[in-house]
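Commentary on secondary and tertiary structure
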Protein chains: 2
Amino acid sequence: MDKSKVTDAGLDALIHAVQRAFENTPDPRLKEIMTLLVKHLHGFAREARLTQEEWFQGIRFLTEVGQTCSDVRQEFILLSDVLGLSMLTVELNDAKPAGCTAPTVFGPFHVEHAPRYDNGEDIGNGAIGKPCVIRGSVRSLSGRPIPDAIVEVWQADDEGLYDVQKPNLGQAQARGVLQARADGSFDFRSVVPEPYPIPADGPVGKLLHASRRSAWRPAHLHFMIKAEGHETLITHVFRRGDRFLQSDPVFGVRDCLVADWELQPDGSTLLVFDFVLNPSSEETGS
Amino acid sequence: MDKSKVTDAGLDALIHAVQRAFENTPDPRLKEIMTLLVKHLHGFAREARLTQEEWFQGIRFLTEVGQTCSDVRQEFILLSDVLGLSMLTVELNDAKPAGCTAPTVFGPFHVEHAPRYDNGEDIGNGAIGKPCVIRGSVRSLSGRPIPDAIVEVWQADDEGLYDVQKPNLGQAQARGVLQARADGSFDFRSVVPEPYPIPADGPVGKLLHASRRSAWRPAHLHFMIKAEGHETLITHVFRRGDRFLQSDPVFGVRDCLVADWELQPDGSTLLVFDFVLNPSSEETGS
């Protein structure tokens, strides 16, 4: 067919007709979101000159993504992750000023009410892996140490698995909650985290395969740090030299979050990392 | 949070990183589609400044759409319909030059191997509704009648239902295939089609309700007309004066497809409609 028969004016008229259909939406934010969604969805299909067969392939793909979701699996979040949309929502909503530790994606493996530990304790709690010591501190953007910050940690073990991925484990492993000391310092023992693949047996895995993209996340330790008067920080610390740093399927790596994990004479690995939190807007008056 | 901390350059860098992840995709068309999808998906989230809660509402909505799909229901096509994406793919792929009958959406109620009828016969085959006579002709853009065109028709009945929506009906009703005469003319009897709502009991119905949009399609007769040397025409004929013409939830109405259905002295309704087909590009050499 001669595509020149399609005029931009005709296609624009369709966009406007669809947008007008949403003009009586009582919730102004829903109306705004739908109006913009229609603009960009049509913009995509128009720029791609999507064929009817491609449109139908897209319908089938999204259907399979929805039907892969279950109580223990969220394939649409995975799709959002591999398209960089999850990381984009972090950047849009949780960006920090220069000098603060950068946030990254939350991920699906956080658990409420993780066990509490004292500084110096082993949060591994039987997790399989090479021994590791983590030492850090929490301070404010001004440089002042933040006393008593709550430091929550979770990670995969030597097999690349989180405790919640192991059926019948019955206890938390390689996750815990600590409190920083009065000088902002904290330390704990655990196992060295290892890389792991995101679930690749569903439609998102097929997309990664068709695109020759790696499903492997570089090894990382998750941190969520809460302190009074400061924005909560949700981030990872990665391992320098990890072979998957350049191909994180969820785009969570930032250079400033890559640290040295140093092998010690006693065979353990040492990570030292200092976190800088952003004062809450109530504090700065902005 | 102070949104000014987010820079366009930082967000552009994320788009480019995601696009680069697709750069080794062997299928060039898949690579092109994913590259454009990432651009427009991020463009949407950025312009809407999507919050994390809104992102999650979107994830939940899409999951519900996927889980509403079944062997007999395609909620993602319905979503595509109410966002005008289905009509856009028609316009992108099947636009006709001026003078030809315009195409519109195919819809989900077409059935292969509908029964054959001779001109003048009643295709209603027991369908409930007011009696109707349809007379038409098929000609080429040049004005020349097209002999022997295959004219396929399907429609909802007086209750707004297609035969395939009636469990245990066991026979085709108000659908059939005819062949135009040597002079391009055809005629048949049926029932007057009536408006009907698209399925409104799922997530797409909730979206329509939240947007105060009508789920009712204006009454229409579906036509698919095939003739040698011509592009197949897939379209509807609507009824002038239908109260839902301005609010078709799938955006399928075009002024040139709205016709007079005239009440006759004998109590039947008469529709006369002439179809103009576009010669295939092989014929015109374009």
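Look above for the structure.
Keep in mind that this is a model prediction, so the values were computed, not measured. (Residues numbered from 1 in each chain as written. Chains lettered and ligands numbered in written order. Predicted model: local features only at pLDDT ≥ 70, side-chain atom pairs only at ≥ 80, totals over all residues. Heavy atoms only, no water.)

Observations concerning the overall build of chain A
- Across its full length, chain A carries seven helices and eleven strands.
- Across its three principal directions, the C-alpha atoms of chain A cover 75 × 45 × 35 Å.
- Within chain A, buried positions represent 52% of all 286 residues.
- The long-range share in chain A, meaning contacts at least 24 apart out of those at least 6 apart in sequence, stands at 71%. (Helix = DSSP H or I, 4+ residues; strand = E, 2+ residues; numbered from the N terminus. Buried < 20%, exposed > 50% of the residue type's maximum accessible area, 1.4 Å probe, protein only. Contact = heavy atoms within 4.5 Å.)

Quick word on the packing of helix H2 (residues 28-48) of chain A against helix H2 (residues 28-48) of chain B
- One can describe the packing of H2(A) onto H2(B) by two numbers: an axis separation of 9 Å at closest approach and a directional angle of 160 degrees. On the basis of the axis angle, H2(A) is roughly antiparallel to H2(B). In the crossing of H2(A) with H2(B), the sense of the turn from one axis to the other is right-handed. In contact with A:Arg29, A:Ile33, A:Leu36, A:Leu37, A:Lys39, A:His40, A:Gly43, A:Phe44, A:Glu47 and A:Ala48 of H2(A), H2(B) contributes B:Arg29, B:Ile33, B:Leu36, B:Leu37, B:Lys39, B:His40, B:Gly43, B:Phe44, B:Glu47 and B:Ala48.
- Of the residues in the contact of H2(A) with H2(B), the class split is ten nonpolar, four polar and six charged. (Axes fitted to C-alpha atoms, helices over the stretch in contact; angles between N-to-C directions. Parallel < 35°, antiparallel > 145°, perpendicular 65-115°, else oblique. Left-handed = near helix turned anticlockwise from the far one by under 90°. Nonpolar A, V, L, I, M, F, W, Y, C, P; charged D, E, K, R; others polar.)

Examining the interface of chain B and chain A
- Listed as interface residues are 74 residues of chain B and, on the opposing side, 72 residues of chain A.
- Summed over both sides, the interface between chain B and chain A buries roughly 6800 Å², with carbon and sulfur atoms accounting for 68% of that surface.
- Taken together, the connections running from chain B to chain A amount to four salt bridges.
- Between A:Arg29 and B:Glu54 there is a salt bridge; the shortest N-O distance is 2.7 Å.
- The set of elements that each furnish at least two residues to the side of chain B that touches chain A consists of helix H1 (8-21), H2, helix H3 (52-68), helix H4 (75-82), helix H5 (85-94) and helix H6 (203-210) of chain B.
- It is H2(B) that contributes the most residues to the side of chain B that touches chain A, 17 residues altogether.
- In terms of residue class, the side of chain B that touches chain A is made up of 39 nonpolar, 21 polar and 14 charged. (Buried area = accessible area lost by both parts, 1.4 Å probe. Salt bridge = Lys/Arg side-chain N within 4 Å of Asp/Glu carboxyl O.)

Some points on the sheet that holds strand E10 (residues 261-263) of chain B
All names here are of chain B.
- The four strands lie next to each other as E4-E1-E11-E10, forming an open sheet whose pairing is mixed. On the outer flanks of this sheet lie strand E4 (185-191) and E10, each paired with one strand and no other. Each strand axis lies, on average, 20 degrees off the axis of its neighbour in the sheet, ignoring direction. (Pairing = 2+ DSSP bridges.)

Some details on the side chain of A:Glu54
- Mapped onto the fold, A:Glu54 is located in helix H3 (residues 52-68).
- For A:Glu54, a relative accessible area of 17% translates into the label buried.
- The contacts of A:Glu54, once residues within four sequence positions are left out, are A:Arg49, B:Arg29 and B:Ile33.

Looking at the relation of the copies chain B and chain A
- In the superposition of chain B on chain A (RMSD 0.1 Å, axial shift 0.0 Å), the rotation amounts to 180 degrees. Seen this way, the second copy is the image of the first under a two-fold rotation axis. Relative to the rotation axis, the closest C-alpha in chain B is found at B:Gly66, a distance of 2.0 Å.
- Comparing contact sets, 97% of the residues at the interface of chain B also lie at the interface in chain A, consistent with an isologous, same-surface contact. (Least-squares fit on C-alpha atoms with pLDDT ≥ 70 in both.)

Describing the pairing of strand E1 (residues 131-140) of chain A
All names here are of chain A.
- As paired strands, E1 and strand E4 (residues 185-191) are joined by seven bridges and run antiparallel to one another. Bridge pairing in E4 links Ser137 to Ser185.
- In the sheet, E1 pairs with strand E11 (residues 269-277) via nine bridges, with the strands oriented parallel. Residue pairing in the sheet places Val133 in a bridge with Leu270 of E11.

Side note on the environment of A:Asp122
All names here are of chain A.
- With respect to the helices and strands, the residue Asp122 is situated in the loop between helix H5 (85-94) and E1.
- With relative accessibility at 35%, the residue Asp122 sits in the partly exposed group.
- For the pair Asp122 and Glu53, spaced 69 residues apart in the sequence, the C-alpha separation amounts to 56 Å.
- Excluding anything up to four places from it in sequence, Asp122 contacts Tyr117, Arg189 and Ser190.

Details of H1(B)
- Spanning 14 residues, H1(B) covers 20 Å between terminal C-alpha atoms, matching the ideal 20 Å at 1.5 Å per step.
- Of the residues making up H1(B), those classed as buried are B:Leu11, B:Leu14, B:Ile15, B:Val18 and B:Gln19. Taken down its axis, H1(B) places every buried residue within 135 degrees of arc, on the same side.
- Turning to H1(B), the residues buried within the fold contact helix H4 (75-82) and H5 of chain A together with H2 of chain B. (Expected span 1.5 Å × (residues − 1). Arc of directions from axis to C-beta.)

Some details on the pattern of salt bridges
- Enumeration according to the criterion identifies 42 salt bridges over all chains in this entry.
- Overlapping salt bridges, with partners in common, bring together A:Lys130, A:Asp158, A:Glu194 and A:Arg239 in one network.

Details of the packing of aromatic side chains
- Counting across every chain of the model gives 23 aromatic pairs over all chains.
- On the basis of an interplanar angle of 50 degrees and a centroid distance of 4.6 Å, the ring pair of A:Phe223 and A:Phe275 is categorised as tilted. One end of the pair, A:Phe223, is in strand E7 (residues 220-226); the other, A:Phe275, is in strand E11, and 52 residues separate them in sequence. Here A:Phe223 and A:Phe275 have matching classes, each one buried.
- Measuring from ring centre to ring centre gives 6.2 Å for B:Trp55 and B:Phe56, while their planes differ by 35 degrees; the resulting arrangement is tilted.
- One Lys or Arg, A:Arg213, reaches over the ring of B:Phe22 and ends 4.8 Å from the middle of that ring. (Phe/Tyr/Trp six-rings, centres within 6.5 Å; stacked < 30°, edge-to-face > 60°. Lys NZ or Arg CZ within 6 Å of the ring centre and 35° of its normal.)

Let's talk about the sheet that holds strand E3 (residues 175-179) of chain B
Residues and elements named next belong to chain B.
- The strand order E3-E2-E7-E8-E9 describes an open sheet built from five strands, whose pairing is mixed. Either end of the sheet is taken by a strand with one partner, and the two such strands are E3 and strand E9 (258-259).
- Pairing of strand E2 (residues 150-155) with strand E7 (residues 220-226) involves six bridges; the strand directions are antiparallel. Residue pairing across strands places Val151 opposite Ile225, the latter belonging to E7.

Some remarks on unusual backbone geometry
- Its identity is not glycine, yet A:Arg49 carries a phi of approximately 45 degrees, on the positive side.
- If you trace the backbone, A:Arg49 turns up in the loop between H2 and H3.
- Classification of A:Arg49 as partly exposed rests on a relative accessible area of 33%.
- Phi is positive for B:Asp148, which is not a glycine, with a value near 70 degrees.

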